[in-house]
Amino acid sequence: MRFREKMAAFMVGRYGADQLGQFISIAALILIFINIFVKGVAGQVIHYFVLLLLVFSIYRMLSKNTAARYKENVTYLKIKNRIVSYFTGFRRRMRER
């Protein structure tokens, strides 16, 4: 069996990537970039927080509890849409002034 087929067989029944996982991964990358400029204890705290985010992201992708991961993603999307719609409405209100 090829590697791709083995990975596909491994991922059967697992949740995989979603919007919340993408957000967590992007947040981790941003924190890695910030950590380049931060030294000392704060840098170590950021480093461990990044590790925690990446482990959580991988856990979500490999989870077989798809119902719970789906519920988490729906909650994230509701919060995200509320924030995006607020700023979209704010920008529209400022344009109409």
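See above for the structure.
A few points on the structure. Model, not experiment: these values are computed from the prediction.

This brings us to the side chain of Asn-73. Residue position: Asn-73 is located in helix H4 (residues 66–96). Of the polar contacts made by the side chain of Asn-73, one reaches the backbone nitrogen of Leu-20; its length is 3.1 Å.

Here we take up H4. With 31 residues, H4 extends 44 Å from end C-alpha to end C-alpha; this agrees with the ideal 45 Å at 1.5 Å per step. Among the residues of H4, Arg-69, Asn-73, Tyr-76 and Gly-89 are the ones counted as buried. Among the structural elements, helix H2 (19–37) and helix H3 (41–62) are those in contact with the buried residues of H4.

The next thing to look at is the nonpolar core. Of all hydrophobic cores here, the largest spans eight residues; its members are Leu-20, Ile-24, Ala-28, Leu-31, Ile-46, Val-50, Leu-53 and Tyr-76. Those elements that provide at least two residues to this core are H2 and H3. Of the residues forming this core, the biggest block, four residues, is contributed by H2. Ignoring anything within four residues of it in the chain, the contact list for Leu-53 reads Ile-24, Ala-28 and Leu-31.

Scoring rules and cut-offs
- Residues numbered from 1 in each chain as written.
- Predicted model: local features only at pLDDT ≥ 70, side-chain atom pairs only at ≥ 80, totals over all residues.
- Heavy atoms only, no water.
- Helix = DSSP H or I, 4+ residues; strand = E, 2+ residues; numbered from the N terminus.
- Polar contact = N/O pair within 3.5 Å; in protein donor to acceptor, adjacent residues only side chain to side chain.
- Expected span 1.5 Å × (residues − 1).
- Buried < 20%, exposed > 50% of the residue type's maximum accessible area, 1.4 Å probe, protein only.
- Contact = heavy atoms within 4.5 Å.
- Core = buried A, V, L, I, M, F, W, Y, C linked by side-chain atoms within 4.5 Å.

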